[in-house]
Amino acid sequence: MSVRRLAEDSIQPEQFRFSRENAAWAKATIKKYPKGRQQSAIIPLLMRAQEQDGWVTKAAIESVADMLQMPYIRALEVATFYTQFQLKPVGTHAHVQVCGTTPCMLRGSEDLIKVCKNKISEHQFETNEAGTLSWEEVECQGACVNAPMVMIFKDAYEDLTPEQLADIIDRFEAGEGENVTPGPQNGRHLSAPIGGLTTLTDGKANAGAKSNGKAAVKAPKKPKEVAASDGVKPAAMEEPDEKDDLKMLSGVGPKIEGVLNSIGIFKFEQVAAWKEAECAWVDGFLKFKGRIEREQWVKQAEALAKGGVEEYVRVFGKKPR
Ligand code: FES
């Protein structure tokens, strides 16, 4: 459990004031709560104060307490309890909160902390020289099924390897944080199994219930299987000296990239040439059930093969991951 105290007086500003826009937002937010319950707006208001100034100052806590007509100590209790509130200045581009609780620790959070120490600062809550990055270890963030993970401001980055975290930190440092896709970084959808369904894939349990004379529970509808044999295996190539970074395709993480490489797919131009039959084969092979079409791999690959990141941005209006 971290010790959470207000920053020293010497760096505390004397005053806090919401910007005009934020003051209007705060007023509207307070109105959402029933009469006599306005104090419940404490968390959104403190969060807005943090977003405005980068951290939660003593003056901000007191100002918000005044707005909600509550004792300062009550507002202080809230600000010092939740680790989402930063009580001293943090990195302006990213403050990396690494979950160090048991599931994340067992899945490698200590290595993620090493990355933060190497790339940002030896000690948590210290910014790097430029003042753009900082980090801290926090308790469970509720994403244990995607361990290990970090939070950066409001977004969670999950299923992380140390290399991926290093890359994410570099991108935030370069001011490209908004182009980093949050969520699992290993290609799986949310917390779904990475290799597709492993249970409830047939009706055997239902058949057993019938033979016992028990009322049969309707088996879940079996999703349409797309067997690799439904399509055409895409043309493979020998591993070239220079492979494309297939992880730039959304939906492709390091594991899927490895599988694609194992079947001789190394270049965007190969993916760009896939027709329906090739997509169906790869869909079945990876047990993706439509993800290739959903994520528009072919269109993404076409753009990247044609003109790299610039063309991708022109087509999709954002940078690839
Ligand atoms: S233990 Fe890390 S998110 Fe729960």
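Structural data are supplied above this passage.
Residues numbered from 1 in each chain as written. Predicted model: local features only at pLDDT ≥ 70, side-chain atom pairs only at ≥ 80, totals over all residues. Heavy atoms only, no water.

### A look at the layout of surface pockets
Part 1 of the argument: One number sums up the size of the largest pocket: a volume of about 520 Å³.
Part 2 of the argument: Looking at the largest pocket, it is lined by 24 residues, and the ones nearest its centre are Gln50, Thr83, Gln84, Gln86 and Gln97.
Part 3 of the argument: With 3 residues, the single largest contributor to the lining of the largest pocket is helix α2 (residues 42-53).
Part 4 of the argument: Grouping the constituent residues of the lining of the largest pocket by class yields 10 nonpolar, 11 polar and 3 charged.
Part 5 of the argument: Residue-level mapping places the lining of the largest pocket at the junction of two domains, with at least three residues from each of domain 1 (9-81) and domain 2 (94-184). (1 Å grid on protein atoms, 1.4 Å probe; cavity = no way out; pocket = protein on both sides within 12 Å on 5 of 7 lines; lining within 4 Å. Points joined across faces, edges and corners; volume = space filled by probe spheres on them. Helix = DSSP H or I, 4+ residues; strand = E, 2+ residues; numbered from the N terminus. Nonpolar A, V, L, I, M, F, W, Y, C, P; charged D, E, K, R; others polar. Domains from an automatic or database assignment.)

### Details of helix α4 (residues 72-81)
Part 1 of the argument: Every buried residue belonging to α4 is among Ala75, Val78 and Ala79, and all of these are buried. Projected down its long axis, α4 shows its buried positions confined to an angular sector of 95°, all on one face. In α4, the exposed positions that point more than 90 degrees away from the buried face belong to Ile73 and Phe81. (Buried < 20%, exposed > 50% of the residue type's maximum accessible area, 1.4 Å probe, protein only. Arc of directions from axis to C-beta.)

### Let's talk about the nonpolar core
Part 1 of the argument: Ranked by size, the top nonpolar core spans 24 residues in total, and within it Leu260, Trp274 and Trp297 carry the most contacts.
Part 2 of the argument: Residue assignment for this core shows that the elements contributing at least two residues are α9 (254-262), α10 (268-272), α11 (276-286) and α13 (297-316).
Part 3 of the argument: Those residues in contact with Leu260 that sit more than four places away from it in its chain are Leu246, Val252, Ile265, Trp274, Val282, Leu286 and Trp297.
Part 4 of the argument: With 23 residues, the next largest nonpolar core counts Ala41, Met70, Ala75 and Leu87 among its residues. (Core = buried A, V, L, I, M, F, W, Y, C linked by side-chain atoms within 4.5 Å. Contact = heavy atoms within 4.5 Å.)

By themselves, these figures tell us nothing about what the structure is for.
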